[in-house]
Amino acid sequence: MAGRGAIETRGNAAFDPFKASLGLMAAAVAHGAQVFERSAVRRIERDGEGVRVHTAHGQVVASRVIVATGYATPDFRPLAGRFRMHHTYVLATEPVDDEQRRDLGLGNVLLWDTDRPYHYVRWTDDQRLLIGGEDRPVDPRRRRATQFREATRQLRAHFEALLPALADIRTDYAWEGLFAMTPDSLPYIGPHRRYPRHLFALGYGGNGMTFGFMAARMLLEHWQGTASPDHALFAFTRGAGGA
Ligand SMILES: Cc1cc2nc3c(=O)[nH]c(=O)nc-3n(C[C@H](O)[C@H](O)[C@H](O)COP(=O)(O)OP(=O)(O)OC[C@H]3O[C@@H](n4cnc5c(N)ncnc54)[C@H](O)[C@@H]3O)c2cc1C
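Now for a look at the structure at hand. Keep in mind that what you see is a predicted model, and the values were worked out from it rather than measured.

1. Here's the deal with the overall build of the protein chain
Here's step 1: When you go through the protein chain residue by residue, the secondary structure sums to five helices and eleven strands.
Here's step 2: When the 243 residues of the protein chain are sorted by exposure, 33% land in the buried category.
Here's step 3: At a minimum sequence separation of 6, the contacts of the protein chain that also span at least 24 residues come to 60%.
Here's step 4: Total accessible area computed for the protein chain in this model is approximately 15800 Å², and 54% of it derives from carbon and sulfur atoms.
Here's step 5: Distance between charge centroids for the protein chain: 10 Å, based on 31 positive and 27 negative side chains.

2. Concerning helix α4 (residues 208–224)
Here's step 1: Taking 1.5 Å of rise per residue, 17 residues should cover 24 Å, and α4 covers 23 Å from first to last C-alpha, within 8% of that figure.
Here's step 2: Within the sequence span of α4, burial applies to Phe211, Ala215, Met218, Leu219 and Glu221. The buried residues of α4 occupy an angular sector of 150 degrees when projected down its axis, which confines them to one face. Structural note: α4 exposes Met209, Phe213, Trp223 and Gln224 on the side pointing more than 90 degrees away from its buried face.
Here's step 3: Of the surrounding secondary structure, the elements contacted by the buried residues of α4 are β4 (65–70), β10 (188–192), β11 (195–202) and α5 (230–234).
Here's step 4: Positive backbone phi, approximately 75 degrees, marks Gly225, located one or two places after α4.

3. A short note on the sheet that holds strand β2 (residues 50–55)
Here's step 1: Pairing is antiparallel in the open sheet, where three strands are placed in the order β1-β2-β3. A single partner strand is all that each edge strand has here, and the edge strands are β1 (41–47) and β3 (59–62). On average, each strand axis in the sheet is inclined to that of its neighbour by 20 degrees, with strand direction left out of account.
Here's step 2: In this structure, β2 lies alongside β3, joined through four bridges in antiparallel fashion. Opposite Val51, over in β3, you have Ala62 as the bridge partner.

4. Quick notes on the site of the ligand
Here's step 1: Taken together, the neighbourhood of the ligand is formed by 18 residues, with Val41, Arg122, Tyr204, Gly206 and Met209 sitting nearest.
Here's step 2: With respect to the ligand, the backbone of Val41 contributes an N or O atom lying 2.8 Å from a nitrogen atom.
Here's step 3: Between Met209 and the ligand, the recorded distance is 2.8 Å, taken from a backbone N or O atom to an oxygen atom.
Here's step 4: Compared with its free state, where it exposes 1000 Å², the ligand has 56% of that area covered by protein.
Here's step 5: Every element with two or more residues in the shell around the ligand is listed here: β4, β5 (84–93), β7 (119–123) and α4.
Here's step 6: In terms of residues, the shell around the ligand owes the most to one element, β4, which gives three residues.
Here's step 7: No fewer than three residues from each of domain 1 (42–83 + 184–234) and domain 2 (85–181) sit in the shell around the ligand.

Rules used throughout
- Residues numbered from 1 in each chain as written.
- Predicted model: local features only at pLDDT ≥ 70, side-chain atom pairs only at ≥ 80, totals over all residues.
- Heavy atoms only, no water.
- Helix = DSSP H or I, 4+ residues; strand = E, 2+ residues; numbered from the N terminus.
- Buried < 20%, exposed > 50% of the residue type's maximum accessible area, 1.4 Å probe, protein only.
- Contact = heavy atoms within 4.5 Å.
- Areas by Shrake-Rupley, 256 points an atom, 1.4 Å probe, with all protein chains shown as cover.
- Lys, Arg positive; Asp, Glu negative; His and termini not counted.
- Charge placed at Lys NZ, Arg CZ, Asp CG, Glu CD.
- Expected span 1.5 Å × (residues − 1).
- Arc of directions from axis to C-beta.
- Pairing = 2+ DSSP bridges.
- Axes fitted to C-alpha atoms, helices over the stretch in contact; angles between N-to-C directions.
- Near = heavy atom within 4 Å.
- Polar contact = N/O pair within 3.5 Å; in protein donor to acceptor, adjacent residues only side chain to side chain.
- Domains from an automatic or database assignment.

Below, the structure is given as structure tokens:
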């Protein structure tokens, strides 16, 4: 692949997020957690020194509730202005055989460029190329289907220019994802003065694998009352405007 320059780093990893989520959940259950899938929270109310979380079929009473809904959903409308929603796009090719792989000339790498919007490419275990990027802000004035067609066409065109042999390899799947960005691209992790007994972990952007891990650690500290200089970096009160 041709380019003006690149940095090759070692020790990177890729994993299947679905399997990883199942694994994390199984580990939590083994430590006594109870999991209620497909139970949308309809209301959260104060209950003495704690909270009462209402779903369609039941209630959970706890000392704290952690809100990790990706971004501020309509239930937290006063926080919504802090998040800008973006679409991101992904294509998965058909499985690529050894000859096609040689023709492509792309080694066993996780590649990410510095364009804006960025592009990335990775291999899957079943030898498909996963091509992604072309992120763009959600534009309510434009039809989602039109944006999807445009972005996925541009993704292919971008990589066909870099890897001409890709022109003969079919796209098997294409999809879009929705994610939230904050003004400084850092998530909000911690409490908000408007919502007592709530802890938030929102707005990871495209970095939920690392930020999610950090949020788990920091929210445990908040719950335990352990101070850390890290908390201020991700607080709602950081930067201009404050909470
Ligand atoms: C295509 C794509 C590629 C990505 N690649 C990477 C990558 O390579 N590396 C990386 O670090 N990150 C990546 N990301 C970003 C990463 O996936 C996200 O940052 C991460 O999944 C966000 O996790 P989350 O738990 O905060 O939110 P989500 O995964 O968005 O989960 C929020 C959950 O809250 C639930 N919810 C909402 N409202 C309610 C309610 N009222 N009651 C109950 N539940 C509710 C939703 O149903 C949802 O399940 C990628 C994202 C996309 C879309």
